[in-house]
Amino acid sequence: MAVNQESQVFLFLSQILGKKIIDTMGRPLGVLADLVVNPAESYPLVTDILVSSRRNAPPLVIPWERVADCNGRFTVRPEAGGALPGRVLAENELLLRDALLDKQIVDTDGAKVRRVNDLQFLKAHRCLYLVHVDVGFRGLMRRAGLVKVMDVFLRWFFDYTLTDQWISWKFVQPLSTPDLLRLSITQARLSQLHPADLADIIEDLDIHKRTAVFQSLDVETAAETLEETDPKIQVRLIEDMMPEKSADIIEEMSLSEAADLLGDLPKEKADGILKEMEQEVAEDVKELLTHPEETAGGLMTTAFPKALPEMSAGEALDYLRREAEEMDTIHYLYVTDAEDCLLGVISLREILMADPAVALKDLMDERVVAVGLDEEPDEIAEQFAKYGVTAIPVVDDDDRIEGVILFKNLLEAVAPHLGK
Amino acid sequence: MSDERFPTNLRSLVLRPFQRRTWRSFAVFLMLLGPGIITSNVDNDAGGITTYSLAGSEYGLAFLWTLIPITVALIVIQEMCARMGVISGKGLSDLIRERFGARITFYLMIVLILANLGNTVAEFAGVAASLEIFGISRYVSVPAAAVFVWWLVVKGNYKTVEKAFLVACLFYLSYIVSGFMGRPDWGEIGEAFITPTLRMDGAFLMMAVGLVGTTIAPWMQFFLQSSIVDKGLKAADYPVTRIDVIFGSITVNVVAFFIIMLCAVTLFKSGIRIDSAQDAALALAPLAGDYCAWLFAFGLLNASLFAASILPLSTAYTVCEAFGWESSLNCKFTEAPQFYGLYALMIILGAGIILLPDVPLISIMYYSQVVNGLLLPVVLVFMLILVNDRRIMGDYTNSRGMNAFSWLTVGILILLSCALVFAALFY
């Protein structure tokens, strides 16, 4: 932007709200009640001002072009006839005070929920651009009218100057209405966040905003976020959704997480969702649901790769490549006989390094470590630590492989406080 | 948006669970039992026990009647809080910030911190007073209590200990048993209970404000609403929550009734003024005889520790919520410095003030409740505006009758406070 340096001034919303507004003849029109922007722009331009004239009367919407002067006081040019045009706000327009000031936002750069203390504008070319959101203590003190007192106090006693904490508008996701979350530009902002951060943010919000944020996510992100969310909140989020939509999300989750979640839901709700899910996935989840949650059977997933001993390494690689998307883990390929009895294990690394023509039975490690279906988490942790693997197979009494426990899922069972 | 999530007719919600699914709803009741009962038991804290004891010992049965309007007001106010929590899913300070802006919230929070600090000091005064009965110096008991509370909340398992505190609250039953064993003149008590008496002197007015302030403490409203939000209660659970809150409110006042009555028939009749916890304990003499002091000390200690472990934490949560600061015990200090800072400030100052030489314990416990009473109308005005805001509450705003009663309560409280200030200045 080639802007004349001298005309650039920063303004705060708190400084201009409540300012008297007069027309060019000097007649008072009222006070500034709010500003309107289109939030889809990267630095939104103030398009209109809201002027409240009398109590109980709806505020006037005056286009910014009619504001002749905003230095010190606001002067408005009336139209030729002397009347001021009125109009209704469109859906994609944002009232700054109403929707942002004192409300919660997501800082997508710092991945945190913050509260807006003030908004900062850049005044250039006689236009106002929304540039920063103030979330710092200095902004709060400015609102309380104590910023000068505080600055003097801190300088005198501690030789310290408190700095402002501003977030650039491009990292701000407003939350106050569900409509704001449906805007495509803001959707893109939330999708910059890691699902684990999104889960933390969702946990920090109140019930209505939680649902709104969660439902604005695409199915895949929603599933990943749900996996990272506290089980109690998972249940509430899913309960608030239609069974079809929640079925789509749960299908995307790993099988063991999906089973845990469905196990926590009320029976009717869980059955409703299972009915909407793809039959194959639903069968697997139902199978997992029969095991108690705190045993090997409850921790394992059934989406893992297995192969017969006669398969060659090359075929195995093709098979893994084909199935990888559907699997919860591909680090190990388990070799079983036709009855599913566990014969051995081969890591992905070994398959990659092997001659494609060699059969798996000549490559596999027969000293495979497995646990029983009702093994306790602490015992399983022992095995993980002792053998240094990232996944352990689970077998039934006849040595048939039933599933695989991922280290990630075990960690959640033995150290639930980590990462929450 | 609210239409699809909440059934519009609240009445059908209230009636339904108790027609068809009585047993199931009883189970749900036990499960949800909590916020209201816990809040009301914390309400009978050191300041509460002291204020009720003083009211009985200095004015006899004269204040007994005030418990009727106070109970009704407590029910109405707590119900509004509970409803706001369930419907908005937000805490009270969050709602105040979003509706009234940063400036008002900032000054309200400053006042609330000071009032809550006064209450925290009162809790530690309760610890000191109760353990002095056993001959333990306050220079030992208060620091130990501060460390205990800190460890309990930050490191320990608070939820388990909360249950122990709640069980220990059965101590209040001893006032009720003692009340019957003392064979008081029930006719006289009954008459005093339904005959309003009012005197226009400063001390009497101050006691009235103190009684209101201790029973309907401002910080409790913030605490109750946050606990309800934390529990994640839904509109469908609301009828149960309401029973919980009403039940809790009545419990507080039954206990208050017996404390005032007992102190009136034992201490007031024999002309004993309460200068220490030892004197207040005499009210339990009909039940425990010579051991009354021990029983009282145990009860006061439990009440004080229970409230001392909640108040500083609740204050830190309330303030951080209003200003959008990270607030969780799961955070490390560097992640939530304001939260831990406030928490530490409340405990260190709260315990520290008691350790100043010659601090009068009974007076601290009493005057902190008077300050509560003065702050209450302010908080109530905010609450009433919020609960009637359709943008927040949808179809769950106050009924006309509730509004009339609430505004009447606020009016009386403001009159009472003005009269108190007037009397304090000119007499």
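Residues numbered from 1 in each chain as written. Chains lettered and ligands numbered in written order. Predicted model: local features only at pLDDT ≥ 70, side-chain atom pairs only at ≥ 80, totals over all residues.

Thoughts on the overall build of chain B
Along chain B, the regular secondary structure elements total 21 helices and zero strands. Over its C-alpha atoms chain B spans a radius of gyration of 21 Å, differing by no more than 12% from the 22 Å that the globule rule assigns to 427 residues. Counting only C-alpha atoms and orienting by the principal axes, one finds that chain B spans roughly 65 × 55 × 50 Å. Within chain B, buried positions represent 51% of all 427 residues. Considering only contacts in chain B between residues 6 or more positions apart, those separated by 24 or more positions represent 84%. (Helix = DSSP H or I, 4+ residues; strand = E, 2+ residues; numbered from the N terminus. Rg over C-alpha atoms; globule rule 2.2 N^0.38 Å. Buried ≥ 20, exposed ≤ 12 C-beta atoms within 10 Å, placed from the backbone. Contact = placed C-beta atoms within 7 Å.)

Regarding the sheet that holds strand β9 (residues 104-107) of chain A
Residues and elements named next belong to chain A. What the three strands build is an open sheet, ordered β10-β9-β14; its pairing is antiparallel. Both edges of this open sheet fall to β10 (112-115) and β14 (172-174), since each of them pairs with a single strand only. Between one strand and the next, the sheet's axes are offset by a mean angle of 35 degrees, whatever the strand orientation. Here β9 pairs with β14 via three bridges, running antiparallel. Paired with Asp107 across the strands is Val172, a residue of β14. (Pairing = 2+ DSSP bridges. Axes fitted to C-alpha atoms, helices over the stretch in contact; angles between N-to-C directions.)

Thoughts on the pairing of strand β17 (residues 342-347) of chain A
Residues and elements named next belong to chain A. Bridge analysis of strand β16 (residues 332-336) against β17 gives five bridges, and the strand direction is antiparallel. Residue Tyr334 lies in a different strand from β17, and its bridge partner there is Val345. Hairpin remark: β16 followed by β17, antiparallel, with five residues in the connecting loop; positive phi at Asp340, about 75 degrees.

What to know about the packing of helix α7 (residues 92-133) of chain B against helix α18 (residues 337-354) of chain B
All names here are of chain B. As a packed pair, α7 and α18 sit with axes 8 Å apart at the nearest point and diverge in direction by 50 degrees. Considering their axes alone, α7 and α18 lie oblique with respect to each other. Here α7 runs over α18; the crossing is right-handed. Contacts between α7 and α18 involve Asn116, Leu117, Thr120, Val121, Glu123, Phe124, Ala125 and Ala128 on the former and, on the latter, Met346, Leu349, Gly350, Ala351, Ile353 and Ile354. Of the residues contributing to the contact of α7 with α18, the split by class is ten nonpolar, three polar and one charged. (Parallel < 35°, antiparallel > 145°, perpendicular 65-115°, else oblique. Left-handed = near helix turned anticlockwise from the far one by under 90°. Nonpolar A, V, L, I, M, F, W, Y, C, P; charged D, E, K, R; others polar.)

Examining the interface of chain B and chain A
Each partner contributes residues to the interface: chain B has 13 residues there, and chain A has 18 residues. It is α7 of chain B that provides the largest number of residues to the side of chain B that touches chain A, a total of six residues. Grouping the constituent residues of the side of chain B that touches chain A by class yields four nonpolar, five polar and four charged.

Description of the sheet that holds strand β19 (residues 391-395) of chain A
All names here are of chain A. Taking strand neighbours across the sheet as the criterion, the three strands line up as β18-β19-β20 in an open arrangement whose pairing is mixed. A strand with exactly one partner marks an edge of an open sheet, and here the two such strands are β18 (371-372) and β20 (401-406). Examined bridge by bridge, β18 and β19 share two bridges and lie parallel to one another. Among the inter-strand pairings, Gly372 is bridged to a residue of β19, identified as Val395. Sitting on the sheet, helix α19 (residues 377-387) is in contact with β18, β19 and β20, with an inclination near 130 degrees to β19. Relative to β20, helix α20 (residues 407-414) is tilted by about 70 degrees, and along the sheet it contacts β19 and β20.

Comments concerning the domain arrangement of chain A
Domain annotation for chain A reports domain 1 (5-94), domain 2 (194-290) and domain 3 (306-414). A C-alpha centroid distance of 45 Å is found between domain 1 of chain A and domain 2 of chain A. (Domains from an automatic or database assignment.)

Regarding the nonpolar core
One finds Phe124, Ala125, Ile259 and Ile260 of chain B to be the most contacted residues of the largest nonpolar core, which totals 139 residues. By residue number, the principal contributor to this core is helix α17 (residues 292-323) of chain B, which donates 20 residues. Once you skip the residues sitting within four places of it in the chain, Ile259 of chain B turns out to touch Ile49, Tyr52, Ser53, Gly56, Tyr175 and Ala283 of chain B. Within the second largest apolar cluster, 65 residues are counted, among which are Val135, Trp169, Val213 and Leu237 of chain A. (Core = buried A, V, L, I, M, F, W, Y, C linked by C-beta atoms within 7 Å.)

Side note on the confidence of the model for chain B
Of the residues in chain B, 92% have a pLDDT of 70 or more, and the chain-wide mean is 85. Every residue in residues 1-21 of chain B is under pLDDT 50, and counting partners more than four places away or in other chains gives 16 contacts. (pLDDT = per-residue confidence, 0-100.)

What to know about α18 of chain B
Residues and elements named next belong to chain B. With 18 residues, α18 should cover 26 Å at 1.5 Å per step; its first-to-last C-alpha distance of 26 Å lies within 8% of that length. Along α18, the residues classified as buried are Phe339, Tyr340, Leu342, Tyr343, Met346, Ile347, Gly350, Ala351 and Ile354. Projection of α18 onto a plane perpendicular to its axis shows the buried side chains occupying an angular sector of 165 degrees, all on one side. The inward-facing, buried residues of α18 contact α7, α8 (138-155) and α17. (Expected span 1.5 Å × (residues − 1). Arc of directions from axis to C-beta.)

Considerations on the environment of Ile136 of chain B
With respect to the helices, strands and loops of the structure, Ile136 of chain B is situated in the loop between α7 and α8. With 16 C-beta atoms counted inside 10 Å, the residue Ile136 of chain B sits in the partly exposed group.

Some points on the pairing of strand β5 (residues 60-63) of chain A
Residues and elements named next belong to chain A. Residues of β5 alternate between two faces, with Leu60 and Ile62 buried on one and Val61 and Pro63 left unburied on the opposite face. Alignment of strand β4 (residues 46-52) against β5, held across four bridges, turns out to be antiparallel. Bridge pairing in β5 links Val51 to Leu60.

Concerning the packing of helix α4 (residues 35-43) of chain B against helix α13 (residues 218-231) of chain B
Residues and elements named next belong to chain B. Packing of α4 against α13 leaves a shortest axis separation of 9 Å and a crossing angle of 155 degrees. By the criterion of interaxial angle, the relationship of α4 to α13 is roughly antiparallel. Note on packing geometry: the crossing formed by α4 with α13 is right-handed. Residues Pro35, Ile38, Thr39 and Asp43 of α4 pack against Met220, Phe223, Leu224, Ser227, Ile228 and Lys231 of α13. The residue inventory of the contact of α4 with α13, partitioned by class, reads six nonpolar, two polar and two charged.

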